[in-house]
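Chain by chain, the residues:
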Amino acid sequence: SRKNKGNDENTDRKKHNQRNCKIKKKRNTRNTKKRARPGECDDDDDDDASTLKCSTNKVKNMDKAKSNCDKVRAGSECDFVCKAGFKEPKLTLSCKKKSETKAFWDTLPSCSEPKCLHKGSNIYTFPITIKEKILKQVLDLDIMYVSFDASSKLPQYTVAVHDLINTFRKTSRIGGFLQFPCPELKKYQYSKDDYTHSGYDRGHLTPNEPMLFSKKASKSTNFLVNIAPQDPWTNEHPWKDIELLSSCHLKRTYGVVITGVCSKHTRKGKLNVPACFWKLVCYKDQGKTIVVGYHAENGQLNGAASPAKEARAREVKRLRSQNYVKSKIGSINIAGAWAEAALLLKNRQYNLFDSGILEKIPNIGDCISSGELPSNIQSSLDNNNKNKRDIHKRDTLVFGCTSEELDEYIRLFGSLQIDDKDTDGDEDEDDGDDNGDDDLNAFKSSECSKRLIGYYPSWGARTFKMEQAKALTHAVFAFFETLEDGSIRLGSADSAKSANLQEDTDVSRKRLNNFKRVSTSYPHLKTMFAVGGWENSQYFSSIAASPPKRLRFIASVLKTIDEHGFDGVDIDWEHPVTGGAHEGVAEDKQNYVTLLEQLRETLDRYQAEKNRRKKFLISIAGAAGQWSLDPGYDLPKLLQYADWANVMTYDYFGAWESKWGAYTGPPAPLYFSNPKGFSGKVNVHWSIRYYVCKSKMPSKINMGVPFYGRFWKNVGPPIDSSDGMWRLAEQRGGKFEGGFEAWKSIAEKWLTDPSVKVTMHAGSKVPYGWSEERKEFLGFENPESLAEKVKYAEEHNLGGIMIWAIDQDDDENSMLKVLVKVNLCKNTDHNKVRFFDSLPFYEINLFSIIPSFRGKGRS
């Protein structure tokens, strides 16, 4: 964790005077609401003017489990979701008031049947389409094309695109087995009962994860076209492996996946069973378009001896050329499949994203013409010792992932095979994606470009989750190390004290891979990497002072951005001049500005060279204490080049090694409410106000919130008998005993311990726990205190909220759920300063901030 330590010498002892805004309800129906003056509390009462409601209880084919559109009050919106395959008019419906007695929908709620296109000779094609919001635009996205042979009741092939819109999620390969609802095919599709007790799997023809960032999309890729190797052992073992391998490979690039059956089939009971299955994957590697194929026989192996299964596995996993696959599949029209792949790519609307994406997407014409495999290509599944050695040669092309990457991939996303516990095939079943978390939505205030930023540390055991990536606007991987020559590297959180540097680096690399794989699943999410931190800031002072080292540092930043696909860099220098773990020099203040100026200039030039639509981002992680801010941070100039500051408004109290470690308290008190003798500047309000009033740019200020707490041992009675928060701890062996506790651990251990009494501190708006039995004190953050900070951020027009750290939340994301609901879009003027209270504030030109205000002692 990052610590803020200092000499806490300020004698400002005035407590914060909270405003009590009494809101009177208006009786007339006209909008006579008076506009609040700057700094006053807004009247947010909606008057409860209407109890009129709109209903959807008669809408057919609506997914009522996932919609919240029934009995919606006039003036409200709701999410409208149809059952998989049916088309929605809009993602969000509004219920409006028509008169004193009537309400109406702005758009008629309906779920229309899709159409299947007749291609002749009993062949039908249909796109599987979902409606989703991508980069603030609502798009009808074709996520897959299917060709279906009505005469055999079998699909011929499915076509899917794997790209930056993809995500990975555990979904049942079998349980969510649906019929596609176009009327043209109703009588031609098998039912779920046709497979019952047949001895055949329904299998997995469609990719398990073509674009599953919603439960609806998950369902929409699991229609009854999902028959793949119907021999259960082949489907659940070698075929699963190549599905997993293909998915893992295409998370590093962009590609088209076509999966199909052979035209030859035999009758088995009620079923037509195809003779074989196949797959083609087209992608780019080193600028060259490559098509790899797979082919699998469909003969049943249940009960067969191990040698037969091993032989089948070798055949299934062997890389095949496109020409080989064509020779085995009979009359299936692969040319038509490639044509539909071109339509899918066109439908993706890549013009919405950075133009550099286009360079990574394979040209369909090149996919068609790539009939043979390159001579130097190997599969990472190949167990041949010679091939294993060849994989490490420079000129070898490898399809798939390394065994280490694949192991991690399986650990993060799970096997594609999940037991089919729901045997009735109910289309409303919960496949378990999003960890069953329907309440965690995207950050509401992103609509007005406000930010919810989560740091993900390079150490720890808990991983970055899909639902967390969905909620955030920006994710920051922390940290890369600075080196003495100015370069940076992925390494240890604390190299100087590392017991095993290589082991630390391996952990960092695995967590970075997790971070990248999860974050690339959401196109709205911007990713950054943080450089420095408390332990790794020792070289910043010399880097900023030396032109050659600055150039080397900036070059390393560009290389890291290019190598890992980051959208920017977070400079976490702790701290210029005063230092944190490492003291600086007086020149750091100006040198920091110079470093950011040159970094900004270089990144802008690099953006132009890459023809990138969005700028590369720069942020700074800023200290919270005046003892570091005044001497070390020229905030107006720093924010001229940085896009925002992530203010580390936490760690005001902790069991530090200095004398200040004796004082118990919360990591992030919102307001000053300490006993006499304490500084009035060790609280979130003071720090945020400093940043806003110094910079006059609240839109560039993100308030940091901790998803953790800090505890002390050997704690005595309260300093003030009327307030149990503030106590003194005793040293043991010259040190204050205590430490760090993530919110997940707090919820599971501290809050379930009957000896711990938890109190919400009225003055500082944060909780604390006290165990009289153990003489232990815990200051921490919880959902209730975060709700107070959310209101504060809204009231003061801040640019966003920053989290340290996202992996410290509990399994239900209880903390993150509070933050996504913040409404930072209330003020249309994002740089309007909204600090009007009785606390004195020093060194601020009041009249330059608010020319019309003449009060004394305000900022």
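As a reminder, the structure under discussion sits directly above these lines.
For clarity, every value in this text was computed on a predicted model and none was experimentally measured.

K.L.:
Just checking my understanding: could you explain the sheet that holds strand β33 (residues 776-780) for this structure?
P.N.:
Adjacent strands of a sheet pair through backbone hydrogen bonds, lying either parallel or antiparallel. Strand order in the open sheet made by the five strands is β30-β25-β33-β32-β31, with antiparallel pairing throughout. Each edge of the sheet is formed by a strand with only one pairing partner; in this case those strands are β30 (738-742) and β31 (756-761). Direction aside, neighbouring strands of the sheet carry axes that sit 20° apart on average. Of the strands in this sheet, β25 (708-712), β30, β31 and β33 touch helix α18 (residues 743-750), which is tilted by about 100° from β30.

K.L.:
In this structure, what is going on with the sheet that holds strand β3 (residues 77-79)? I would like to understand it.
P.N.:
With respect to topology, three strands assemble into an open sheet ordered β3-β4-β5, the strand pairing being antiparallel. Each end of this open sheet is capped by a strand with a single partner; those strands are β3 and β5 (103-105). Strand-to-strand twist of the sheet, defined as the mean angle between neighbouring strand axes without regard to direction, takes the value 25°.

K.L.:
I tried to follow helix α14 (residues 588-609) on my own but got confused; where do I start?
P.N.:
Working note: α-helix, 3.6 residues per turn, so residues spaced by three or four point in the same direction. In a regular helix each residue adds 1.5 Å, so 22 residues correspond to 32 Å; α14 covers 31 Å between its end C-alpha atoms and thus fits that length. Backbone geometry just after α14 places Asn 611 at a positive phi near 55°.

K.L.:
Looking at this structure, I do not really get unusual backbone geometry. What am I missing?
P.N.:
Note on backbone geometry: most residues besides glycine have negative phi, and most peptide bonds are trans. Residue Phe 479 is reached from Ala 478 by a cis peptide bond, and omega for that bond is 5°. Looking at where Phe 479 falls in the secondary structure, it is placed in strand β18 (residues 474-482). Following Trp 804, the chain continues to Ala 805 via a peptide bond in cis, the omega torsion being -5°. With respect to the helices and strands, Ala 805 occurs in the loop between β34 (800-804) and α20 (814-820).

K.L.:
Sorry, what's going on with the packing of aromatic side chains here?
P.N.:
Here the distance between the centres and the angle between the planes together describe a pair of aromatic rings. This structure, assessed with the given rule, holds 35 aromatic pairs. For the ring pair Phe 479 and Trp 804, a centre distance of 5.8 Å and an interplane angle of 25° mean the geometry is stacked. Here Phe 479, found in strand β18, pairs with Trp 804, found in strand β34; they are 325 residues apart in sequence, far enough to count as distant. Residue classification places Phe 479 among the buried positions, given a relative accessible area of 5%. Taken together, Tyr 456, Phe 464, Phe 477, Phe 480, Phe 515, Phe 529 and Phe 566 form an aromatic cluster joined through their ring pairs. Against the face of Phe 616 rests Arg 612, its NZ or CZ located 4.2 Å from the ring centre.

K.L.:
Can you walk me through the environment of Arg 320 in this structure?
P.N.:
Following the sequence through the fold, Arg 320 ends up in the loop between α4 (306-317) and α5 (322-328). Distance from Arg 320 to His 295, taken between C-alpha atoms, is 7.3 Å for residues 25 residues apart in sequence. Once residues within four sequence positions are removed from consideration, Arg 320 is found in contact with Val 292, Gly 293, Tyr 294, His 295, Glu 315, Val 325 and Leu 373.

Reading guide: rules and limits
- Once a new chain begins, its residue numbering starts again from 1 and follows that chain's sequence as written.
- With pLDDT at 70 or above as the cut-off, local features in this predicted model cover only qualifying residues; side-chain atom pairs require 80 or more to be listed or tallied, and sums for whole chains, interfaces and linings still use all residues.
- Side-chain numbers come from the whole structure's heavy atoms, not from hydrogens or water.
- Should DSSP find at least two bridges between two strands, the strands are taken to pair.
- For helices the rule is a DSSP run of H or I covering at least 4 residues; for strands it is a run of E covering at least 2, with both sets numbered from the N terminus onward.
- Where helices are involved, their axes are fitted lines through C-alpha atoms of the stretch in contact, as for all axes, and angles between N-to-C directions lie from 0 to 180°.
- Any two residues whose heavy atoms approach within 4.5 Å are treated as being in contact.
- Here a helix's expected span is defined as the number of its residues, less one, multiplied by 1.5 Å.
- Here a pair means two rings of Phe, Tyr or Trp (six-membered ring of Trp) with centres within 6.5 Å. Their orientation is stacked below 30 degrees between planes, edge-to-face above 60, and tilted elsewhere.
- Remark: exposure states derive from per-residue accessible area (1.4 Å probe, protein chains only) relative to the maximum for the residue type, with buried under 20%, exposed over 50%, and partly exposed in between.
- Placement of a charge over a ring requires the Lys NZ or Arg CZ to be within 6 Å of the ring centre, with the centre-to-atom vector within 35 degrees of the ring normal.

Bear in mind that shape data such as this cannot, by itself, settle questions of function.
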